[in-house]
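Here are the chains, one letter per residue:
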Amino acid sequence: MRISIFLLFLFLCVQVFGQTKKPLDHSVYDDWKSLAERMISNDGKFVVYNINAQEGDGELVIHRINTGNKRSIARGYAAIITEDSRFAIFKIKPVFQETRQAKIKKKKADEMPKDSLAIVVLGEDSVIYISRVKSFKTPEKAAGWLAYQIEKPLPDTGKSKAKPDSVKSRIEMLTKLADSLIRKSLDSVKGKIEKEEVINAAKKAVKEIYKRAEDAELNYLRDADGDDAAAGSTNEGTDLIVRNLNNDSEKVFKFVGEYLFDEKGTKLLIETTKNAKDTNSKACVIVYDLGMDKIDTIMQGLNEAKNFSFDEDGTQMAFVAERDSSSKALQKFYKLWYYTKGQDSATILADKNTIGMQLGSAVSENGSIKFSKDGRKIFFGVAPVQSPKDTTLVDFELARLDVWHYNDDYLQPQQLKQLAQDLKRNFTAVIKPGASELIQLGAEDVENITLVDEGDADWVLGLTTKNNRINTQWEGRSRYTVYAINTNDGKRTLVQSNSLGVFSASPKGKYIYWYNPALKNYFTYNIATKEIKNISGKITEPLYDVENDVPDFPRAAGITGWTANDHYLLLNDVYDIWQVDPAGIETPKNISNGWGKKHKRELNYIRFDKEKRFIEDDETIVLNVQDKTTKFAGFFTKKINEIKDPQELTFGPYSFGTPVKAKNAAAYIVQRANINESELFATDDLKNLNKLTDIALQQKDFNWLSSELVKWKMFDGKMSEGLLFKPADFDPKKKYPVIFYFYERNADGLYNYRTPAPSASIINIPYFVSNGYLVFDPNIYYKTGEPGESAYNSVVSAAKYLSKMPWVDSTRMAIQGQSWGGYQVAYLVTRTNIFRAAGAGAPVSNMTSAYGGIRWGTGINRQFQYEKTQSRIGATLWERPDLYIKNSPLFTADKVNTPLLLMHNDADGAVPWYQGIEFFTALRRLGKKVWLLEYNGEDHNLVERKNRKDLSVRLGQFFDYYLKDAKPANWIKYGVPATDKGKDWGLKVE
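Just so it is clear, the model here is predicted, and its values are computed rather than measured.

What follows covers the overall build of the chain. Counting its regular elements, the chain contains 17 helices and 55 strands. Contacts in the chain between residues far apart in sequence, at least 24 positions, make up 55% of those at least 6 positions apart.

The structure is reproduced here in structure tokens:
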């Protein structure tokens, strides 16, 4: 009996563990969940996070760390945890299907389902729900208060449009009216009645009847009290509820447009609009003193107020407002208004007549307003006054054209892309509260102003690209002229001219510092002495990307930060961290003791507090570390003032997101991933991780994938590495088809989680691997002038290497890539027949025509890409036309024998659409097997989910046909004629 039971148990185990898991299909995408928002309370006791489906309803989870208790609220998002760690407040989306149905029915915006608001007391079960909430805010650095704004009320459908007796009386009235009008019309033609005249008279009468009936209906349908919203009332504000979270009391403010808490939660500024039903109402700006429960109206009778700003203490505020012109005026003049505690109302601080305002300029309504940290200065925007629109000109009689000029700073397409921004361009000015003069700091020739020491310094950093903009067309980077500008008198001190450096000010404002890419060193400018020093020249390790393979200066390795009072600057080399004296006197010190280089581990400082400006001299910092050989990652600590090796906290075969720290506790949350999971963990020391989520359970029934690092020797004798993805049920005795996907270098992502999702442009690796493919992603290393052959050297050598594996079917290999990857695919099929099929998204096929083209998304010219960056030619078209032709697939299209699936969309803003067309038409002319998918109105990568789903299906069908001998879909066999668009997309397999 016992033996029988044992055998039965063994049989059941074999059955269970022998079950084959199903492959992923395209239906899984919508419900596939992933971690989204995440936050931890300041006391470190609660974590709030979102788990969202790709399409549909997600959930918000409130997780108590010490007990593990979880509370899930459907569709919650945009959460905040109050400063005192007492409340979680968040919005709740409408049910996805309700919104979908409303869109199907084409409901108006006001009739669409709206968000709700939820208030949860952390640690308690109750939830307060408030429907139809537009927005909510809490003070940034204080607790106890919540303000939320309600959507416009829905129309009152309970009101009867017409009472039966009134309808009857109106019908009788209109009948009598018709009879009277017809009789009068017939009388008017008495003595000469003709048939046509009678008909015309009747028609005229009927038109009059309809007009009066329409007027009567409109009047009748108006609110009985005559208080319907007037025309142009769409900007009318809605109710704002201010809630005291400590005692649940509330105060309601009507017709609110804008509202803003000060940081410390002492004041709430409210802008109200006019009441459209009350012609005597006025727009106002109100200050609500939260502690005293006192309301002060500081301005009324305005047309518009905006850009509200408090000082740090909440005792001063400033904003721009316009109150002198009509709401439809073609030209308006805004003023800077100021209010401080004790004033009866806001006062004008600056306008177009203020001393210091340049002639023809005025306060800009588009400029941001910011107080200095000490509250002694207000920075705001000024701009040249725009000429009013000439209303005498008729649009359809005006010429429509763009005039390109060789001296323009920017090409016309770029100017048009920047037009809205340029029309709002303004320049920074500063004024002190109570002063009668402003100081203009920015101008046309120094357009970028950065505040120093949070505005407390007596200077600002001014940068301009003026007179250096044309050469960005081929250099691909900006050259800056840099000034230190005095905030007391506006005087400029030139620091550098026409420099390729990226300039910043030290936190306390003692230095300007920058990295010079041409000299590969860091420099400082001493504000007090005006001296420039090379502060990194004595560092023996490279401070830049040593693997740079574009024909341009290598990027800097980066900066860790500044120590207190601008004492030291901490610089990164490729692996380690150096302590550098910004005055250039002390010798630099490698504070990580060369440990990074020794172990080939890259060190990056984690700044937990976004507002933290300094690293203390004796502080122990946390580093995010990745091993460049094994790809392991983890966290280490390093004490700044000790030259010792970093100390390990956790390290292993994972990738990590940036940890989030509780403000007032040693508590963290961090996302950790590998190929099998991407979950959220809690920890109090970044060593012992407590798993909070188990999202990976969703894949338990599917044939998942594994990843491994593969290294091989390329054709040029150098070693390369790449990622090989295998199905979980991989059988080394079988032979598998292989798809090679690539871009540039992705091997560092060995331990990244891969999400099944519809494709924006490239193959979805989990889908293909789950369905019996191997996918290999090789790193590509480039030589200037040889981008195509560099891809050949890497990808084809990888294919040759994998072909030797007994589990690879070398007769069934394919390649796929998008954009730069798409170019490389297009090139490779002209150089080899080793691949049975290929897919290329948005490829450049003709470098000679693409060189002078436009990136329509930004309006910039493409020349820099070939001379300096990704395309890696390193010369102009007229200097080396041979390289442009050699690297262009179009010129060797006759060599292509591989079936090629192209995707290039007609609104591509990165690679000109005609590049795909040129290659398609050439291959078509040559009788090659080629298809072009053109998604209407789509950009470089697909945005609309319906199109992503469609592409995913077609990629699967295409590669299944060529690598698995599946039956071809109709679009592969016959295409999709224009007459079938919208009827039959050719996806059926017959």
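So, about the side chain of Ser655. With respect to the helices and strands, Ser655 occurs in strand β41 (residues 655-656). At 3.1 Å, the side chain of Ser655 forms a polar contact with the backbone oxygen of Tyr751. Discounting residues that sit within four places of it in the chain, Ser655 has contacts with Ala633, Gln671, Arg672, Ala673, Tyr751 and Asn752.

This paragraph deals with the pattern of salt bridges. Counted under the stated rule, the structure contains 51 salt bridges. One salt bridge in this structure joins Arg243 and Glu250, with 2.5 Å as the shortest N-O distance. With relative accessibility at 9%, the residue Arg243 sits in the buried group. Its relative accessible area of 42% is what places Glu250 among the partly exposed residues. Where Asp694 meets Lys691, a salt bridge forms, and the shortest distance between an N and an O atom there is 3.6 Å. If you follow the salt bridges from partner to partner, you end up with Glu602, Lys628, Lys631, Lys711, Glu721 and Asp748 in one network.

Right, let's talk about the sheet that holds strand β36 (residues 589-590) for a bit. With antiparallel pairing, four strands are arranged side by side in an open sheet as β33-β34-β35-β36. Because the sheet does not close on itself, it has two edges, and the strands there are β33 (559-562) and β36. Pairing of strand β34 (residues 569-572) with strand β35 (residues 577-580), which is carried by four bridges, proceeds in the antiparallel orientation. Paired with Asn572 across the strands is Ile577, a residue of β35.

Tallied over the entire structure, the rule returns 39 aromatic pairs. Taking 5.0 Å as the distance between ring centres and 55° as the angle between the ring planes, the aromatic pair formed by Tyr515 and Tyr522 counts as tilted. Classification of Tyr522 as buried rests on a relative accessible area of 3%. With a centroid separation of 5.0 Å and an interplanar angle of 55°, the aromatic rings of Trp595 and Phe636 are classed as tilted. Highlighted residues: Trp595 in helix α8 (residues 595-599) and Phe636 in strand β39 (residues 633-639), separated in sequence by 41 residues. The same class applies to Trp595 and to Phe636, which are both buried. Grouping aromatic residues by their ring pairs yields a cluster made of Tyr767, Phe768, Tyr773, Trp931, Phe958, Phe959, Tyr961 and Tyr962. The ring of Tyr544 is capped by Lys520, whose NZ or CZ atom sits 4.7 Å from the centre of that ring. The positively charged end of Arg831 is found above the aromatic ring belonging to Tyr792, 4.2 Å away from the centroid.

Turning to the environment of Ala798, a few remarks are in order. Mapping Ala798 onto the fold places it in helix α10 (residues 787-803). Taking the C-alpha atoms as reference points, Ala798 and Lys711, separated by 87 residues in sequence, lie 9.0 Å from one another. Here Ala798 is in contact with Trp712, Phe740, Phe776 and Pro778, once residues within four sequence places are set aside.

Spatially, the four strands line up as an open sheet ordered β25-β26-β27-β28, and their pairing is antiparallel. The open sheet is flanked by β25 (448-450) and β28 (492-499), the only strands paired with a single partner. Recorded for the sheet is a direction-independent mean angle of 20° between the axes of neighbouring strands. Here strand β27 (residues 480-486) runs beside β28; their pairing, made up of five bridges, is antiparallel. Of the residues in β28, the one forming a bridge with Tyr483 is Leu494.

This brings us to the packing of α10 against helix α11 (residues 820-831). Between α10 and α11, the least distance of the axes is 9 Å, while the angle of their chain directions is 80°. Comparing their axes, α11 and α10 come out roughly perpendicular. Across the interface between the two elements, Pro787, Gly788, Glu789, Ala791, Tyr792, Val795 and Val796 from α10 touch Trp820, Tyr823, Gln824, Tyr827, Leu828 and Arg831 from α11. Each residue belonging to the contact of α10 with α11 can be placed in one class, and the counts come to nine nonpolar, two polar and two charged.

Mapped onto the elements of the fold, Asn779 is located in the loop between β49 (774-778) and α10. In this structure Asn779 touches Trp712, Ser720, Glu721, Gly722, Glu744, Arg745, Asn746, Ala747 and Ser794, once residues within four positions along its chain are discounted.

Turning our eyes to something else, we now look at unusual backbone geometry. Residues other than glycine seldom take positive phi values, yet Arg132 does so here, at roughly 55°. For Arg132, the location among the structural elements is in the loop between β8 (127-130) and β9 (133-137). Given the relative accessible area of 18%, Arg132 is considered buried. The backbone of Asp293 shows a phi angle near 50°, a positive value even though the residue is not glycine. Note that Asp293 resides in the loop between β14 (284-289) and β15 (294-300). In this structure Asp293 comes out as partly exposed when scored by relative accessible area, which is 46%.

Quick look at a nonpolar patch on the surface now. Nonpolar side chains collect at one region of the surface, where Leu416, Leu419 and Leu423 lie side by side and expose about 280 Å² of accessible area between them. As for its placement among the helices and strands, Leu419 is situated in helix α6 (residues 419-423).

Once that is clear, we can look at the environment of Thr272. For Thr272, the position within the fold is in strand β13 (residues 267-272). Here Thr272 falls in the buried class, since its relative accessible area comes to 8%. Between the C-alpha atoms of Thr272 and Thr238, which are 34 residues apart in sequence, the distance is 8.7 Å. Excluding residues that lie within four positions of it along the chain, Thr272 makes contacts with Lys254, Phe255, Val256, Gly257, Lys282, Ala283, Cys284 and Ile286.

Phe740, Phe776, Ile815, Phe835, Leu900 and Phe919 are the most contacted members of the largest nonpolar core, which has 54 residues in total. Every residue in contact with Phe740, bar those within four places of it in the chain, is listed here: Phe776, Ala798, Ala799, Leu802, Met813, Ala814, Ile815, Gln816 and Phe835. Counting 41 residues, the second-largest nonpolar core is a separate cluster that includes Tyr29, Tyr741, Leu901 and Met903.

A few words on the pairing of β14. Of all six residues in β14, six are buried; the element is thus mostly enclosed. Sheet analysis places β13 next to β14, joined by six bridges and oriented antiparallel. Across the sheet, the residue bridging to Leu269 is Val287, located in β14. Relative to β15, β14 runs antiparallel, the two sharing six bridges. By the bridge assignment, Asp289 is partnered in β15 with Lys294. Counting the residues that bridge the hairpin from β14 to β15 gives four residues, and of these Asp293 lies at a positive phi of roughly 50°.

Further remarks concern the environment of Leu349. Tracing the sequence through the fold places Leu349 in strand β19 (residues 347-350). Sequence separation between Leu349 and Phe319 is 30 residues; the distance between their C-alpha atoms is 9.9 Å.

A few words on the confidence of the model for the chain. Mean pLDDT for the chain: 91, with 90% of residues reaching 70 or above. A low-confidence stretch, residues 1-18 stays under pLDDT 50, and its non-local contacts, those more than four residues away or across chains, total one contact.

Rules of the game
Residues numbered from 1 in each chain as written. Predicted model: local features only at pLDDT ≥ 70, side-chain atom pairs only at ≥ 80, totals over all residues. Heavy atoms only, no water. Helix = DSSP H or I, 4+ residues; strand = E, 2+ residues; numbered from the N terminus. Contact = heavy atoms within 4.5 Å. Polar contact = N/O pair within 3.5 Å; in protein donor to acceptor, adjacent residues only side chain to side chain. Salt bridge = Lys/Arg side-chain N within 4 Å of Asp/Glu carboxyl O. Buried < 20%, exposed > 50% of the residue type's maximum accessible area, 1.4 Å probe, protein only. Pairing = 2+ DSSP bridges. Phe/Tyr/Trp six-rings, centres within 6.5 Å; stacked < 30°, edge-to-face > 60°. Lys NZ or Arg CZ within 6 Å of the ring centre and 35° of its normal. Axes fitted to C-alpha atoms, helices over the stretch in contact; angles between N-to-C directions. Parallel < 35°, antiparallel > 145°, perpendicular 65-115°, else oblique. Nonpolar A, V, L, I, M, F, W, Y, C, P; charged D, E, K, R; others polar. Patch = residues over 30% accessible without salt bridge, like charges linked within 9 Å, V, L, I, M, F, W, Y side chains within 5 Å. Areas by Shrake-Rupley, 256 points an atom, 1.4 Å probe, with all protein chains shown as cover. Core = buried A, V, L, I, M, F, W, Y, C linked by side-chain atoms within 4.5 Å. pLDDT = per-residue confidence, 0-100.

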